[in-house]
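Fold and geometry: a report
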Amino acid sequence: MEVKAFINGKIYSSFKPLRVISGFVVYGDRVIYSGSSEKAVEIARGLNGLIIDLGGRVVMPGFIDSHLHIDTLGIALNTLDLRGVGSIRELKDKLKAYSSKSRFKWIMGHGWDHELFEEKRWPNRWDIDEVVPDKPVLLTRICLHAGVVNTRGLRESRVLEENIPGVQRDERGEPTGVLFEAALKHTREKIKAELSTSDYVDLIKTAQEHLVSQGVTTVGVAGCSLKVLKALTALWARGELKIRFRVYLYPRDGEVDVLELLGRMGVKKGFGDEYLRIMGVKLFADGSLGSRTAWLTKPYSDDPSTRGEPSMDPEELKKTIKRAHDLGLQVAVHAIGDRALDTVLEAYSIVRVDKMRHRVEHASVIRDDQLELLKKIKPAISLQPHFIITDWWAKNRLGVERIKWLYRFKTLLELELTIGFSTDAPVEPTNPWETIYAAVTRGKYDGVPYYEDTKGESLGVVDALHAYTMGSASVMWSEGELGTLEPGKLADFIVVDVDPLTIPEGDLRRVRVLETYVGGVRVYP
Ligand SMILES: [Zn+2]
């Protein structure tokens, strides 16, 4: 097995406790020594190993994104970016240039806004037909509530044949190709359903290339369909997984009762190897604050007619949690509103959460009276700090009293729960430094209206980096193999251009990843 000593670095081998070393030795894919450069050289020489001089550069463990969507991230990365396009003419030029590069059946684009077009009108299917007549095309509007297809796309979507509402028509009654809500959703689902395993293999490959370039070395796939799992296992079998995957399957996939299937196969939390492990299942307790579907105890401040809603019958949710728990699987439940969190905590108080480290995803809105219960039940929590900046409008939804309950990171840390970070990508940008920046600054420099209300929840850089490495590892039961560069751990690490612990907080989003290593092997650049 290959031996490599990395020496003369400023190496953060762990953040809590903060440990700075100058050298470490990798044997095969694991760290066998971390400490001084002199000793590292001595060990490597003794084992006939390579010596790699870091030249004083800063090294730290690779980032672990504990919750993202690898398939939709792949789709987002294979989508033509139409944000900021100023005319239909420009949109056509961009589409024409892109169409020859697209490897998939459908050509996808996203981000146009007709308010910006100099033609002052909506794009239509005849515009798109002019540049791409022979392949189906879907270009979604920036809001994702509308999109435009070409004639081929209109036919393949079958929205007319199946009488799906949301098809725009002109004064002659002709469909224009613009699709709203239900018709758009139908088309998007059709596109996804038509993706083959080999399409998913390609999508995952694009996504993992992107992730290593950002310094992400392990991800939690929350959740995962059977098709996506099949693509992951195909890449695993070929030895083409570049980063590590911890998988949370959807309990139901079309006709398949996945939980039942896992139970029949006897698959339990941790099944797999260092690259690909099945951890458990992903469930939803509610929706999102943006669409006012997050389930709150009291009505929304900017729409008193609703308090959101559960996305699954609470009794059914509890039953599913219990089933998964009894099968030896880890559960990850999406809960954004405080009422949704009540339901999850109720379910978690029936099962031994401490034994399985069941997860709460997001935990965005937490009332004071829920803190006691959280401390008692001790679920692991996956947080998405970048939501703070994206959800700048949240004070309208929650009002002046409840805004203090939003994104209570410091409070959760003080409860001594297992806290991991993530991006929910492609919902938020995959760049971990954007996430660290958001956790530390909480919108101070971005004009976030609730900065003053919640600034007490800001984290220090060390706490944030710990949560994004060791914290996320612990959320996914991988603290024994990932999260630090201590002896025995897998040698997943990154080299960065500046020391994040010494720069002003406003510069954290500008830190750049120069190199990424997984299992001691450089995978980027
Ligand atoms: Zn998600």
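Everything discussed here concerns the structure shown above.
Everything in this summary refers to the structure shown in the same document. All of these numbers come straight from a predicted model, not from anything done at the bench.

Attention now goes to the nonpolar core. Counting 120 residues, the largest nonpolar core has Phe245 and Leu289 as the members making the most contacts within it. Sorting elements by how many residues they give to this core places helix 7 (residues 197-213) first, with 7 residues.

The grouping of Met1, Tyr27, Ile32 and Leu47 at the surface amounts to a nonpolar patch, some 420 Å² of accessible area in total. Relative to the assigned elements, methionine 1 resides in the segment before strand 1 (3-7).

This next bit is on the coordination of the zinc ion. When a metal carries six donors in an octahedron, the ideal angles between them are 90 or 180 degrees, while four donors in a tetrahedron ideally lie at 109.5 degrees. Those donors, His67 (NE2), His69 (NE2) and Asp424 (OD), are the protein atoms that reach the zinc ion, and they lie 2.1 to 2.2 Å from it. In primary-sequence terms, the residues that donate to the zinc ion follow H-x1-H-x354-D. Here the two residues histidine 67 and histidine 69 agree in accessibility, since each one is buried.

Spatially, the 4 strands line up as an open sheet ordered 5-4-1-6, and their pairing is mixed. Bordering the open sheet on either side are strand 5 (30-35) and strand 6 (50-53), each of which pairs with just one other strand. Direction aside, neighbouring strands of the sheet carry axes that sit 20° apart on average. With 4 bridges joining them, strand 1 and strand 4 (residues 23-27) adopt antiparallel strand pairing. For valine 3, the partnering residue across the bridge sits in strand 4 and is tyrosine 27.

Here we take up empty space enclosed by the protein. Going through the model one piece at a time under the given rule, you end up with 1 cavity of 30 Å³ or more. The calculated volume of the largest cavity comes to roughly 50 Å³. Residues of the lining of the largest cavity, tallied by class, amount to 4 nonpolar, 5 polar and 1 charged.

If you want to describe how two helices pack, look at the angle between their axes and the distance between the axes. Between helix 17 (residues 432-441) and helix 19 (residues 461-475), the shortest axis-to-axis distance is 9 Å and the interhelical angle comes to 135°. Taken as axis vectors, helix 17 and helix 19 run oblique relative to one another. Of the two elements, helix 17 crosses helix 19, and the hand of that crossing is right-handed. Taking contact as the criterion, the partners of Pro432, Trp433, Thr435, Ile436, Ala439 and Val440 in helix 17 are, on helix 19, Val461, Ala464, Leu465 and Tyr468.

The rules behind the values
Residues numbered from 1 in each chain as written. Predicted model: local features only at pLDDT ≥ 70, side-chain atom pairs only at ≥ 80, totals over all residues. Heavy atoms only, no water. Core = buried A, V, L, I, M, F, W, Y, C linked by side-chain atoms within 4.5 Å. Buried < 20%, exposed > 50% of the residue type's maximum accessible area, 1.4 Å probe, protein only. Helix = DSSP H or I, 4+ residues; strand = E, 2+ residues; numbered from the N terminus. Patch = residues over 30% accessible without salt bridge, like charges linked within 9 Å, V, L, I, M, F, W, Y side chains within 5 Å. Areas by Shrake-Rupley, 256 points an atom, 1.4 Å probe, with all protein chains shown as cover. Salt bridge = Lys/Arg side-chain N within 4 Å of Asp/Glu carboxyl O. Donors = N, O, S within 2.8 Å, 3.2 Å for Na, K, Ca; no water. Pairing = 2+ DSSP bridges. Axes fitted to C-alpha atoms, helices over the stretch in contact; angles between N-to-C directions. 1 Å grid on protein atoms, 1.4 Å probe; cavity = no way out; pocket = protein on both sides within 12 Å on 5 of 7 lines; lining within 4 Å. Points joined across faces, edges and corners; volume = space filled by probe spheres on them. Nonpolar A, V, L, I, M, F, W, Y, C, P; charged D, E, K, R; others polar. Parallel < 35°, antiparallel > 145°, perpendicular 65-115°, else oblique. Left-handed = near helix turned anticlockwise from the far one by under 90°. Contact = heavy atoms within 4.5 Å.

All we've got here are geometric facts, nothing functional implied.
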